[in-house]
Amino acid sequence: MVTPRRARVEAVGEGAAVTTLELFFDLVFVFALTRVTDWMADDPTAEVVLRGMLILVVMWWSWVGYSWLGNVAKADEGVIRVGMLIAMAGVFLASIAIPEAFDDLPGGLSGPVVFAVAYFVVRIVHLAMFWICSREDPQLRGQIVRWIPSVLLGTVLLLLASQAEGWLQTLLWAAALLGDYVGTALAGASWRLNSARHFAERHGLIIIVALGESIVSIGIGVAALLVSWPIIAGCVLGLAVAGAMWWAYFDVTALRTEHALAEATGERQIRLARGGYTFLHLPMMIGVILMSLGLKKALLYSGGGDAHTLADPLYGIPLAALYGGAALYLLAHVWFTRYLVGTLKVERLVVGVVLVAITPLVGLLPALVALLVLAVVLCALVAYETHRFRELRHEVRHGRAAGS
């Protein structure tokens, strides 16, 4: 890749690792995810959670575009570095406006407009950086030209949504995201993927960010409560749930799917990257954030917050978020592994369905017991997989048959 001084761009090599600027970029998303969870937890109605998920999808779409950009050109070199820093400012401002992304509060600037404009800045900067990177790559330039309509459609609809109210506003948000996703899928598969390792590592790190947010939610949920045995038990169980989710992704799945992506070539590799990582990591993220909402409420109930007692059950949206989020995370894993490797994770499919089925039953139990049940189920799944597939696990982790 030619790098004129006026807009120097350095191509990413096959063995590239995630840069420190990309990690810095991800820290903004820790704040964004925390804001989404806290906003939903303040008033966990169905409408609020739906809107929270729409905000999360917008933030995901903001992040994922830069994961592709950073795989084409080094994020910490030349003009791309400047673009990344500007985009970080846009994401940060959008994160600040999250509590007012739908309903403007009295005084100050219009929250919905600030959010929409910040998102517009993030998308325009991303498009401009890709345009610079493609100046001597006709195939990539053609892909960008086909992709521009979906960018414009999604951004314009979100700007229009900032001027609407109620369900019309929600529908415009949904239409903006749907148009963006469908447009991207239909725009073709002529993108560039210079390093499968970098791309897989990048998405693994954002899962870590989401899981880290779930731990933050545990801490925030009990920050104002006195330390007690129920609080200690709840924190340990919450960490066990987050740990089981980490194990489910990083023990073997992340390695096998990375190898499958690296072995693919041409448009097939692009389709695997787009379908498996850009699209199928989104439900994993949504699952973790929903679970974070449930964890926060479960700890609050267990510690006697919000006038609850230790015997009170977790119910309604928080319970559905806790169990449904864990189930969605596992089911997304099933689809992800199937899509990239061709293997059907039957045990995860079964556990995901079971979690959904038993949700009404655990709603009859104290919140701490409901959390215990979830932790036991997830840890049992991890233990079963570790034992049942120990030979394959050993081969994948120690490189003898990493692509199997």
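Owing to the predicted nature of the structure, the values given are computational and were not obtained by experimental measurement.

**Student:** In this structure, what is going on with the overall build of the chain? I would like to understand it.
**Tutor:** Per the secondary structure count, the chain includes 15 helices and zero strands. The C-alpha atoms of the chain give 21 Å as radius of gyration, which agrees with the globular expectation for 404 residues (22 Å, within 12%). Each of the three principal axes of the chain carries a C-alpha extent, and together these read 65 × 60 × 35 Å. When contacts within the chain are restricted to residue pairs at least 6 apart in sequence, long-range pairs at least 24 apart make up 80% of them. If you sum the accessible surface of the chain, you get close to 16500 Å²; carbon and sulfur atoms cover 69% of it. For the chain, the distance from the average site of its 28 positive side-chain charges to the average site of its 29 negative ones is 9 Å.

**Student:** I keep staring at the packing of helix H11 (residues 281-302) against helix H14 (residues 367-388) and nothing clicks. Help me out?
**Tutor:** Between two packed helices, both the angle of their axes relative to each other and the distance between the axes serve to describe the pair. For the pair H11 and H14, the least separation of the axes is 8 Å and the interaxial angle reads 135°. With respect to each other, H11 and H14 are oriented oblique. Across the interface between the two elements, Leu295, Ala298, Leu299, Tyr301 and Ser302 of H11 pack against Ala367, Leu368 and Leu371 of H14. In the contact of H11 with H14, the residues fall into seven nonpolar, one polar and no charged.

**Student:** What is the right way to read a nonpolar patch on the surface from this model?
**Tutor:** Residues Leu331, Leu344, Val346, Leu349, Val350, Val353 and Val354 make up a contiguous nonpolar surface patch of about 510 Å² in total accessible area. Looking at the nonpolar patch, the element that brings in the most residues is helix H13 (residues 346-362), giving five residues. You can see Val350 is positioned in helix H13. Taking relative accessible area as the criterion, Val350 reaches 46% and is therefore assigned partly exposed.

**Student:** When you look at the pattern of salt bridges in this model, what are you seeing that I'm missing?
**Tutor:** Think of it this way: side chains of opposite charge can pair up when their charged atoms draw near. As enumerated under the stated definition, the model contains 12 salt bridges in all. Put simply, Arg192 and Asp137 hold a salt bridge, and the shortest N to O gap is 2.8 Å. Of this pair, Arg192 sits in the loop between helix H6 (166-186) and helix H7 (196-222) while Asp137 is found in the loop between helix H4 (111-133) and helix H5 (138-161), placing the two residues 55 residues apart along the sequence. Under the relative-accessibility criterion, Asp137 is labelled buried at 16%. For Arg393, the salt bridge identified is with Asp251, shortest N-O distance 2.6 Å. Of this pair, Arg393 sits in helix H15 (residues 390-398) while Asp251 is found in the loop between helix H8 (229-250) and helix H9 (253-263), placing the two residues 142 residues apart along the sequence. On the accessibility criterion, Arg393 (24% relative accessible area) is partly exposed.

**Student:** Honestly, the packing of aromatic side chains in this entry has me stumped. Any pointers?
**Tutor:** When we look at a pair of aromatic rings, we describe it by the centre distance and by the angle of the planes. On inspection of all chains with the given rule, the structure shows 19 aromatic pairs. Between Trp246 and Trp247, the aromatic rings sit 6.4 Å apart at their centres with planes inclined by 85°, giving edge-to-face as the arrangement. Looking at Trp246, the relative accessible area reads 39%, which means it is partly exposed. The partly exposed category is assigned to Trp247, whose relative accessible area is 31%. Here the aromatic residues Trp68, Phe130, Trp147, Trp191, Phe199, Trp246, Trp247, Tyr249, Phe250, Tyr277 and Phe336 are joined through ring pairs into a cluster of three or more. A cation over a ring is seen here: Arg141 above Trp131, with NZ or CZ 3.7 Å from the ring centre.

**Student:** Just checking my understanding: could you explain the environment of Val82 for this structure?
**Tutor:** Here Val82 is to be found in helix H3 (residues 78-96). Residue classification places Val82 among the partly exposed positions, given a relative accessible area of 46%.

**Student:** How should the confidence of the model for the chain be read in this particular structure?
**Tutor:** Detailed conclusions should not be drawn from predicted coordinates in areas where pLDDT is low. Scored by pLDDT, the chain comes out at a mean of 90, with 95% of its residues at no less than 70. In this model, residues 400-404 is a region of pLDDT below 50 whose contacts with residues beyond four sequence positions or in other chains number 13 contacts.

**Student:** Whenever I open this one, the nonpolar core confuses me. Can you help?
**Tutor:** Where a protein is soluble and globular, its nonpolar side chains tend to be buried together. Core analysis: the biggest nonpolar cluster contains 131 residues, and Ile55, Phe115, Trp173 and Leu355 have the highest contact counts within it. Among the elements that take part in this core, helix H2 (residues 46-72) stands out by supplying 17 residues, more than any other. For Trp173, the residues in contact, after removing those within four places along its chain, are Leu54, Ile55, Val58, Ala101, Phe102, Phe115, Leu158 and Ala161.

**Student:** In this structure, what is going on with H13? I would like to understand it.
**Tutor:** For the α-helix, the turn length of 3.6 residues means that residues three or four positions removed from each other point alike. Between its terminal C-alpha atoms H13 stretches 24 Å, which fits the 24 Å expected from 17 residues at 1.5 Å a residue. Along H13, the sharpest change in direction is near 30° and occurs at Val356; proline Pro360 comes one to four residues later. When we look at burial in H13, the residues that qualify are Glu347, Arg348, Val351, Gly352, Leu355, Ile358, Thr359 and Val362. Check the buried side of H13 and you find it contacts H8, H9, helix H12 (316-340) and H14.

Conventions adopted
Residues numbered from 1 in each chain as written. Predicted model: local features only at pLDDT ≥ 70, side-chain atom pairs only at ≥ 80, totals over all residues. Heavy atoms only, no water. Helix = DSSP H or I, 4+ residues; strand = E, 2+ residues; numbered from the N terminus. Rg over C-alpha atoms; globule rule 2.2 N^0.38 Å. Contact = heavy atoms within 4.5 Å. Areas by Shrake-Rupley, 256 points an atom, 1.4 Å probe, with all protein chains shown as cover. Lys, Arg positive; Asp, Glu negative; His and termini not counted. Charge placed at Lys NZ, Arg CZ, Asp CG, Glu CD. Axes fitted to C-alpha atoms, helices over the stretch in contact; angles between N-to-C directions. Parallel < 35°, antiparallel > 145°, perpendicular 65-115°, else oblique. Nonpolar A, V, L, I, M, F, W, Y, C, P; charged D, E, K, R; others polar. Patch = residues over 30% accessible without salt bridge, like charges linked within 9 Å, V, L, I, M, F, W, Y side chains within 5 Å. Salt bridge = Lys/Arg side-chain N within 4 Å of Asp/Glu carboxyl O. Buried < 20%, exposed > 50% of the residue type's maximum accessible area, 1.4 Å probe, protein only. Phe/Tyr/Trp six-rings, centres within 6.5 Å; stacked < 30°, edge-to-face > 60°. Lys NZ or Arg CZ within 6 Å of the ring centre and 35° of its normal. pLDDT = per-residue confidence, 0-100. Core = buried A, V, L, I, M, F, W, Y, C linked by side-chain atoms within 4.5 Å. Expected span 1.5 Å × (residues − 1). Bend = angle between axes of the 7 residues up to and from the residue.

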